[in-house]
Amino acid sequence: MGQPIPNLSDGDGRQLPVAAEELHSFSFSSAFLGSVVAQGFGLAALGALIGITGALVLGRFLSGMLFGVALYDLATFVTIPALVTDLAVLACVVPARRATRVDTIEVLRAE
């Protein structure tokens, strides 16, 4: 999520004319928030999938170190990735909501 949010453009890469009043509208705020959350969820889900795959592959090598837990514990393989994904989405939502509360007209005037 360290990459910048792209500017508004159509499918061909041309910039769309957007008035400052439109930037402040609720529809843009909800679209922006939805876009950031969707990107964050996609990255978190991909990370969870890679983590689960790695845990399944490396689990056999580490089976001698496990005491009192089954090698493929379903509760662990479901709960931990879900918790980490939820926290990652929350980490995307909080700054995105703060960004939607900024008065864009004042920001444009300051520049």
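A quick note: this is a predicted structure, and the numbers were derived from the prediction, not measured.

Before going further, it helps to spend a moment on the overall build of the protein chain. What the protein chain contains, in helices and strands, is 4 helices and 0 strands. For the protein chain, the α and β elements follow one another from N to C terminus as α-α-α-α. Here the protein chain, with 111 residues, has 13% of them falling under the buried criterion. Sequence separation of 24 or more characterises 68% of the internal contacts of the protein chain that already satisfy a separation of 6 or more. As displayed, the protein chain has an accessible area near 8,400 Å², and 67% of this comes from carbon and sulfur atoms.

A word on the packing of aromatic side chains. Summed over all chains, the structure comprises 1 aromatic pair. Ring geometry for Tyr72 versus Phe77: centroids 6.4 Å apart, planes at 45°, classification tilted. The partly exposed category is assigned to Tyr72, whose relative accessible area is 39%. Here Phe77 falls in the buried class, since its relative accessible area comes to 18%.

As for its placement among the helices and strands, Phe32 is situated in helix α2 (residues 26–59). Since its relative accessible area comes to 19%, Phe32 is described here as buried. Spatially, the C-alpha atoms of Phe32 and Thr100 are 7.7 Å apart, while their sequence positions differ by 68 residues.

Criteria and thresholds
- Residues numbered from 1 in each chain as written.
- Predicted model: local features only at pLDDT ≥ 70, side-chain atom pairs only at ≥ 80, totals over all residues.
- Heavy atoms only, no water.
- Helix = DSSP H or I, 4+ residues; strand = E, 2+ residues; numbered from the N terminus.
- Buried < 20%, exposed > 50% of the residue type's maximum accessible area, 1.4 Å probe, protein only.
- Contact = heavy atoms within 4.5 Å.
- Areas by Shrake-Rupley, 256 points an atom, 1.4 Å probe, with all protein chains shown as cover.
- Phe/Tyr/Trp six-rings, centres within 6.5 Å; stacked < 30°, edge-to-face > 60°.

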